[in-house]
Structure formats: structure tokens, C-alpha cells
Amino acid sequence: MATFQAPKGTYDLIPPFSAKYLAVRDAISAPLRKAGYGYIETPGFEDVNLFARGVGESTDIVTKEMFTLTTKGGTNLALRPEGTASVLRAALEASLHKQGNLPAKLWYSGSYYRYERPQKGRYRHFSQVGAEAIGAEDPALDAELIILADQAYRTLGLSNFRILLNSLGDKECRPVYREALQSFLRGLDLDEETIRRAEINPLRVLDDKRTDVQKQLVGAPMLRDYLCDACKAYHEEVRELITAAGVAFEDDEKLVRGLDYYTRTTFEFVHDGLGAQSAVGGGGRYDGLSEMIGGPALPSVGWALGVDRTVLALEAEGIELDIPAPTAVFAVALGASKPRVFGLVTELRKAGIAADMSYGGKGLKGAMKDANRSGARFAIVAGDRDLAEGVVQVKDMESGEQAPVATAEVVEVLRAKLA
């Protein structure tokens, strides 16, 4: 019988490599937790219309990439392709906007799903850490989130990334630009699919990566020339706040991002060591999304950073994270000493010391190989004679030195050595 394999375009995270993913998640979320963002978790699937309305019917995500399913009761659901719409839906459902203290600052971590052509850095199941500040229109929030993401990447040791920044205007000035852009696009030689996209959301055509399309876009009207005074002032304040924090960025007037809900500030984090899939994360302001999904006006801003892409960025820069060994003490029980040694391991764990032991009745040689593989700093070895004398042998795995320690004192002795 053939063994099962992970579905195409997905991956399994296995120790010890998975520890790198956990470390990246922790590093990205740490600055958020210190800045007042609380953890939120939402279901892995939602009503398909939440994404069709929120993400946008013209986007590749909705038209081509969503995994959809119909329940036995006839409800159409979709595996979540991104996090923002779900988080906003949850915040509205919990009436967070009615409890005062806005913005509601939330962070999340989880798996997301898109039916894409699998390649390095682009999978059908991927992991993100995201943050949303819901219910306030303030350039300081936009700047805060960009600075916190920059801080997260810096603490991981990354340096070869760039922050791209743009403004997409708002409901006052964007329609005027949209009309000018559509008028320009109608004069180009585009395929049917792109023409259809241009009629629904012409800004998405600017994001088209095909060379033949980009060549025709030379001379296209630029959004910056159509921004109203309010949007110009807002964007300038965001730029000033980021600059004052010592965070470098590049203005990118073609940056539109792949989701229809963005307004005003939009930004992307790109890493030059990743080839075609250079974006490691991004986000922006989405002041109209709440109304799109049936809620009240709730101006908001957020981002999502790809854990998979960040791990690839670390590899591209040759950065090895300092991840402590999961085990500090490894115990080896010989002869009839197993119950007593097992009890010692339990005591060590209760005392907050990461401890493991050899299982399966291995001999001394095989058990010590396990101790070496575990990365433990110390090993406890005990046989029948040791226990008869009321001691265990404590071995320093770095120096190889070994000495007997009274069983009653093992926990305290090891705690002191590890400290």
C-alpha cells in the first residue's frame, strides 16, 4: 500500500527545523505584544462572501486562488486566503468597536491557503503573523506598524530588506484617478482578462508583473498627481514619523498591493535575496473594509508578514538564529533504576528545567547517543549500584567531566549549574 504524502504545494514542519519557524513567529510578535496588541484567533474557514466582498472580486485571490467548499447544509465556505477580513469580522461580531478604547489593536498567527502554482517561497499553505489596528484614522498608527515590523526584522538580524511606501488616495480622490487610468488603459493592447480587470479595478493592472504589460504602462497617469490635499498631508505625516524613527523606506508610486480594500497608506517589505518572490510581507490602511462587509465605518490599518518568506530571507543572508537546545538535562536509567530516574526527570520539569530521558530500554552506549543528539548540557546516569549508594552520576556534556551527586540534591545542583 502506498504511503500518503502532503498535498501538492504544502509542507510539514519537523524538528529541529520547525524551531526556526517558532523563533521567527516569536520575533515578529514580540514588538507587537509590547505595543499593546492583543492576540486574536479566527477559524481557518469563513463564509466565501466575506473574502469576495472584502478582498475584492477582481483579485486573483478571489477569482483563481481560493479553496472553496460547500457544507452539507449548502453553505459556501472558503479556506482563509488572508487574515485581515477574518480579524475585522471577528472584531465586529464581538462589538469591540462599541467598547470604547479604539483602536482595537490585535495580532494573530496562523496558516492561510491559496491555490497557486507551487514554487520556492510560494505555497498553497503558508504561515503568517499579522497585526491590525481597528477603528482609528491616524498617521501615527500607520507609522507604528511599519516601525514595529522593521524592528522585528532587525531583531532577527535581517538587513537586506527594503520598505516600499505609497498612498492609494481615498474615496474622494481615487475615483478621479481611476477614471483617468481606465481611459489610458483602454488605449492599450491588452488581453481580455486584463481588460476585464481594468474595468473592475484598474489599479490592479499596474501590479501586473508581465513585461509586455509593463512596457505599455510607461506614461500611465500617476496616482500621486491626483491625491487630494487631505491624502497628501496624511501621507506626508506618515513619511515624517517613519523617518523620525530612523527607519529607511523608498517611495514606490506603482505599489498597489493585491487586495482591493486598501486606501491611503500601502507598503511592502521586500528582500533582494529571494528572487521573483521578493515580498516578505506588507499591508496598508483599509478605511472602507468594515462597510464592505456590513459593518459601520471603522478606519483601520494592518500588515501580515510571511513566516516562510522570512525564514528564506534568513537563509539568503546566512543568518543562523541562536535557538537554545530544547533539552537541558538528559537522563539515562540502567538496570532497575528507571522508576527513580523517571521521578527525578519529573521533579526537574516541575522545577522549570527542560528534561528528557532515554526510552525503550537502550544500553548505555545507545542512550548516551540520544543524550548527545538532544543537545542537553548535562546528563544524569544512574544504575543499580548508584541508587544503592543514594547518588546519580552527573555528566557535563561539554567537558566530559562526571561526578556523583546525592539524589536528594540533584535538582538544586543542576539548577545552580544551569544558572
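Refer to the preceding data block for the structure.
All figures in this text were calculated on a predicted structure; none of them were measured in a lab.

Enquirer: Sorry if this is basic, but what is going on with the pairing of strand β6 (residues 125-134) here?
Expert: Taken across its 10 residues, β6 has 10 buried, putting it largely inside the fold. Here β6 shows two buried faces, one formed by His 125, Ser 127, Val 129, Ala 131 and Ala 133 and the other by Phe 126, Gln 128, Gly 130, Glu 132 and Ile 134. Sheet topology places strand β5 (residues 104-113) next to β6; 10 bridges connect them, and they run antiparallel. Each bridged residue has a counterpart across the sheet, and for Ser 111 the counterpart in β6 is Ser 127. Strand direction decides the pairing type here: β6 and strand β11 (residues 300-306), joined by seven bridges, are antiparallel. Counterpart to Gln 128 in the pairing with β11 is Gly 306.

Enquirer: For this particular structure, what's the right way to read unusual backbone geometry?
Expert: The phi angle of most residues is negative, glycine excepted, and most peptide bonds adopt the trans form. Pro 15 connects to Pro 16 through a cis peptide bond whose omega is 0 degrees. As for its position among the elements, Pro 16 is in the segment before α1 (18-33). A cis geometry characterises the amide bond from Leu 102 onward to Pro 103, with omega recorded as 10 degrees. In this fold, Pro 103 is placed in the loop between α4 (84-93) and β5. The backbone of Ser 95 shows a phi angle near 55 degrees, a positive value even though the residue is not glycine. Residue placement: Ser 95 occurs in the loop between α4 and β5.

Enquirer: Is there a simple way to explain the sheet that holds strand β8 (residues 250-251) in this structure?
Expert: Sheet strands pair via backbone hydrogen bonds, and the direction of the pair is either parallel or antiparallel. Read across the sheet, eight strands follow the order β1-β5-β6-β11-β10-β9-β7-β8 without closing on themselves; strand pairing throughout is mixed. Only two strands of the sheet have a single partner each, and these edge strands are β1 (38-39) and β8. Strand direction decides the pairing type here: strand β7 (residues 161-167) and β8, joined by two bridges, are parallel. Directly across from Leu 164, in β8, lies its bridge partner Glu 250. Where α4 meets the sheet, its contacts fall on β5 and β6, and the angle it forms with β6 comes to roughly 45 degrees.

What counts and how
- Residues numbered from 1 in each chain as written.
- Predicted model: local features only at pLDDT ≥ 70, side-chain atom pairs only at ≥ 80, totals over all residues.
- Heavy atoms only, no water.
- Buried < 20%, exposed > 50% of the residue type's maximum accessible area, 1.4 Å probe, protein only.
- Helix = DSSP H or I, 4+ residues; strand = E, 2+ residues; numbered from the N terminus.
- Pairing = 2+ DSSP bridges.
- Contact = heavy atoms within 4.5 Å.
- Axes fitted to C-alpha atoms, helices over the stretch in contact; angles between N-to-C directions.

Geometry only, nothing functional implied.
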